[in-house]
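# Fold and geometry: a report
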Amino acid sequence: MKLYIETLGCPKNFNDSEGIAGIWERSGMNMTDDPAQADAILVNTCGFIEDAKKESIETIFEFAQLKAQGKVKVLVVTGCLAERYREELAMEIPEADVVLGIGKNTEIAKAVKEALEHPRPIDMDRVDAQQARRALEDYYES
């Protein structure tokens with residue numbers, strides 16, 4: 001199992017990502033510098049200013065495309081945006097298999113394993129991903 005980490009935002013996020021990589025490797029798994037070679041992608045988000053929120057959401061959608069193409073099995077969202085908007089992200093971005101806030105770094109390997117074993121069911125009544133994406137883009141453009 002290979003993990004790719006995309007880190008956005010402040011130096012603290014870079015430090016957190018290094019810690020996550022260490023935890024991941026101690027769990028017996030590998031890191032990769034190539035998202036196309038990853039089994040799991042983790043986006044460590046920033047959520048304090050509007051531009052950072054927009055960049056984080058765009059990055060999540062970028063990696064969701066790899067998942068849609070079948071190249072990535074699990075998409076993880078963590079960091080400040082996930083901390084502040086955990087429920088909204090989980091609801092509006094169904095491509096994200098795991099959404100964990102700050103302080104949950106030690107649970108990432110376990111959460112990825114659980115996501116692989118028990119993919120979350122697709123709720124057809126939920127707002128379709130394209131509609132959610134457009135709504136978020138409209139919000140950030142206004």
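Scroll up to find the structure.
Our subject in this report is the structure included herewith. (Residues numbered from 1 in each chain as written. Predicted model: local features only at pLDDT ≥ 70, side-chain atom pairs only at ≥ 80, totals over all residues. Heavy atoms only, no water.)

## Here's the deal with the overall build of the protein chain
Regarding its fold elements, the protein chain presents 6 helices and 5 strands. Starting at the N terminus and ending at the C terminus, the protein chain contains elements arranged as β-α-β-β-α-β-α-α-β-α-α. The burial tally for the protein chain puts 45% of its 142 residues in the buried class. The long-range share in the protein chain, meaning contacts at least 24 apart out of those at least 6 apart in sequence, stands at 67%. For the protein chain, the accessible area works out to roughly 8000 Å², and carbon and sulfur atoms hold 50% of it. (Helix = DSSP H or I, 4+ residues; strand = E, 2+ residues; numbered from the N terminus. Buried < 20%, exposed > 50% of the residue type's maximum accessible area, 1.4 Å probe, protein only. Contact = heavy atoms within 4.5 Å. Areas by Shrake-Rupley, 256 points an atom, 1.4 Å probe, with all protein chains shown as cover.)

## Focus: the nonpolar core
Ranked by size, the top nonpolar core spans 20 residues in total, and within it Ile 41, Val 43, Phe 63, Leu 75, Val 77 and Leu 89 carry the most contacts. Elements represented by at least two residues in this core include exactly strand S3 (40-45), helix H2 (50-68), strand S4 (74-79) and helix H3 (80-84). For this core, the element with the highest residue contribution is H2, accounting for 6 residues. Non-local contacts of Ile 41, meaning those with residues more than four positions away in its chain, are made with Leu 3, Tyr 4, Pro 35, Phe 63, Leu 66, Val 72, Val 74, Leu 75 and Val 76. (Core = buried A, V, L, I, M, F, W, Y, C linked by side-chain atoms within 4.5 Å.)

## Some details on H2
Its 19 residues give H2 an end-to-end C-alpha distance of 27 Å, which sits within 8% of 27 Å, the value for a rise of 1.5 Å per residue. Among the residues making up H2, those that are buried are Ala 52, Lys 53, Ser 56, Ile 57, Thr 59, Ile 60, Phe 61, Phe 63, Ala 64 and Leu 66. Phi turns positive one or two residues past the end of H2, at Gly 70, with a value near 85°. (Expected span 1.5 Å × (residues − 1).)

## Remarks on the sheet that holds strand S5 (residues 98-99)
Ordered by their spatial adjacency, 5 strands build an open sheet running S2-S1-S3-S4-S5, and the pairing between neighbours is parallel. Only two strands of the sheet have a single partner each, and these edge strands are strand S2 (30-31) and S5. As defined by bridge partners, S3 adjoins S4 across 6 bridges and the pair is classed as parallel. Across the sheet, the residue bridging to Asn 44 is Thr 78, located in S4. The strands touched by helix H1 (residues 11-26) are strand S1 (2-7), S2, S3 and S4; relative to S1, the strand with the most contacts, the crossing angle is about 175°. Contacts from H2 reach S1, S3 and S4 within the one sheet, and its direction differs from that of S3 by about 175°. (Pairing = 2+ DSSP bridges. Axes fitted to C-alpha atoms, helices over the stretch in contact; angles between N-to-C directions.)

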